[in-house]
Amino acid sequence: MRDTHEQTIYLDATLRPHRSLDQRGFLLVMIAIGGCGFLIGFAFFLAGAWPVAGFCGLEIALVYIAFRLNFRDARRCEHLLMTDDGLHIVRTDPSGTIQHIRLEPSWVTVQMDDPPRHESQLILKSHGQGTEIGRFLQPYERVEVAKALRNAIQRYRTA
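Not measured: the values here are computed from a predicted model. (Residues numbered from 1 in each chain as written. Predicted model: local features only at pLDDT ≥ 70, side-chain atom pairs only at ≥ 80, totals over all residues. Heavy atoms only, no water.)

Draft legend 1. Structural detail: the sheet that holds strand β5 (residues 109-111). Across the sheet, 3 strands lie side by side as β5-β6-β7; this open sheet has antiparallel pairing. In this open sheet, the two edge strands, each paired with only one partner strand, are β5 and β7 (129-133). Adjacent strand axes in the sheet meet at a mean angle of 25° when their direction is disregarded. Taken strand by strand, helix α3 (residues 139-158) contacts β5, β6 (122-126) and β7, and its axis lies near 165° from that of β5. (Pairing = 2+ DSSP bridges. Helix = DSSP H or I, 4+ residues; strand = E, 2+ residues; numbered from the N terminus. Axes fitted to C-alpha atoms, helices over the stretch in contact; angles between N-to-C directions. Contact = heavy atoms within 4.5 Å.)

Set out below in structure tokens:
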């Protein structure tokens, strides 16, 4: 049996920070860095400069930690869903905390510099309050999201 009130979807988008290195690439990079660090440390150890080997190990550990923090930050995302029920924004931060925001599209205005600058923000304003979205996106990506939001809001208002 069909639901008598089906929701029209005007926009359904998930925004995530770009990461060019996947888990396999990370493994290969760590093997290369670890292998080079080990060879350099071992060479210095054989030459009698054994403290250098410890610093090579420390360098490898710091690179590993930096990559892990980068992958942790990649868990950040924002899901935008605009239906007849409104604009729903679900934010997930790197620690997994979820924040729900609901806006009425009839009152939402989209503010974004076009052409964008690096520091340009994508702001959704409603009833005097602003919500920034896509902070982790590149400026040209924020412009694309702003255009998609404006288009979806226009279709929502004319429906």
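We are not done yet, so read on.
Draft legend 2. Expanded view of the pattern of salt bridges. Summed over the entire model, instances satisfying the criterion amount to 7 salt bridges. Measuring nitrogen to oxygen at the nearest pair gives 2.9 Å for the salt bridge that ties Asp73 to Arg19. Separated by 54 residues along the polypeptide, Asp73 in helix α2 (residues 50-73) and Arg19 in the loop between β1 (9-15) and α1 (23-46) bring together distant segments of the chain. One salt-bridge network, held together by shared partners, links Arg19, Asp73 and Arg76. (Salt bridge = Lys/Arg side-chain N within 4 Å of Asp/Glu carboxyl O.)

Draft legend 3. Representation of α3 in the model. Compared with an ideal rise of 1.5 Å per residue, which puts 20 residues at 28 Å, α3 spans 29 Å between its outermost C-alpha atoms and is within 8% of the ideal. Among the residues making up α3, those that are buried are Pro139, Arg142, Val143, Val145, Ala146, Leu149, Ala152, Ile153 and Tyr156. On its buried face, α3 is in contact with β1, β2 (77-83), β3 (86-92), β5, β6 and β7. (Expected span 1.5 Å × (residues − 1). Buried < 20%, exposed > 50% of the residue type's maximum accessible area, 1.4 Å probe, protein only.)

Draft legend 4. Structural detail: unusual backbone geometry. For His127, which is not a glycine, the phi torsion comes out positive at approximately 55°. Following the sequence through the fold, His127 ends up in the loop between β6 and β7. Of the residues examined, His127 reaches a relative accessible area of 65% and is grouped as exposed.

Draft legend 5. The arrangement of the nonpolar core in detail. Counting 24 residues, the largest nonpolar core has Leu80, Met82, Ile89, Leu124, Ile133, Val145 and Leu149 as its most contacted members. Breaking this core down by element, the ones donating at least two residues are β1, β2, β3, β4 (98-103), β6 and α3. Top contributing element to this core by residue count: α3, with 7 residues. Residues within four places of Ile89 in sequence aside, it is in contact with His79, Leu80, Gln99, His100, Ile101, Leu103, Leu124 and Ile133. (Core = buried A, V, L, I, M, F, W, Y, C linked by side-chain atoms within 4.5 Å.)

Draft legend 6. Summary view of the sheet that holds β2. Judged by pairing direction, the sheet is antiparallel, and its 4 strands sit side by side in the order β1-β2-β3-β4 without closing on themselves. On the outer flanks of this sheet lie β1 and β4, each paired with one strand and no other. Ignoring which end each strand starts from, the neighbouring axes of this sheet average 10° apart. Inspection of the sheet shows β1 paired to β2 by 6 bridges, in the antiparallel sense. Bridge pairing in β2 places Leu11 opposite Met82.

Draft legend 7. Structural view of the state of the cysteines. Scanning the model with the defined rule gives 0 disulfides in all. No disulfide involves Cys56; its sulfur sits 10 Å from that of Cys36, the nearest cysteine. (Disulfide = S-S within 2.5 Å.)

Draft legend 8. Structural detail: the side chain of Arg142. Within the secondary structure, Arg142 sits in helix α3. It is Glu132 that comes nearest to the buried, bridge-free Arg142 among opposite-charge side chains, at 6.1 Å. Reaching out from Arg142, the side chain makes a polar contact with the backbone oxygen of His118 at a distance of 3.1 Å. One polar contact links the side chain of Arg142 to the main-chain carbonyl oxygen of Leu137, over a distance of 2.5 Å. Look past the residues within four positions of Arg142 in its chain and what remains in contact with it is Met112, Arg117, His118, Ser120, Leu122, Ile133, Gly134, Arg135 and Leu137. (Lys, Arg positive; Asp, Glu negative; His and termini not counted. Polar contact = N/O pair within 3.5 Å; in protein donor to acceptor, adjacent residues only side chain to side chain.)

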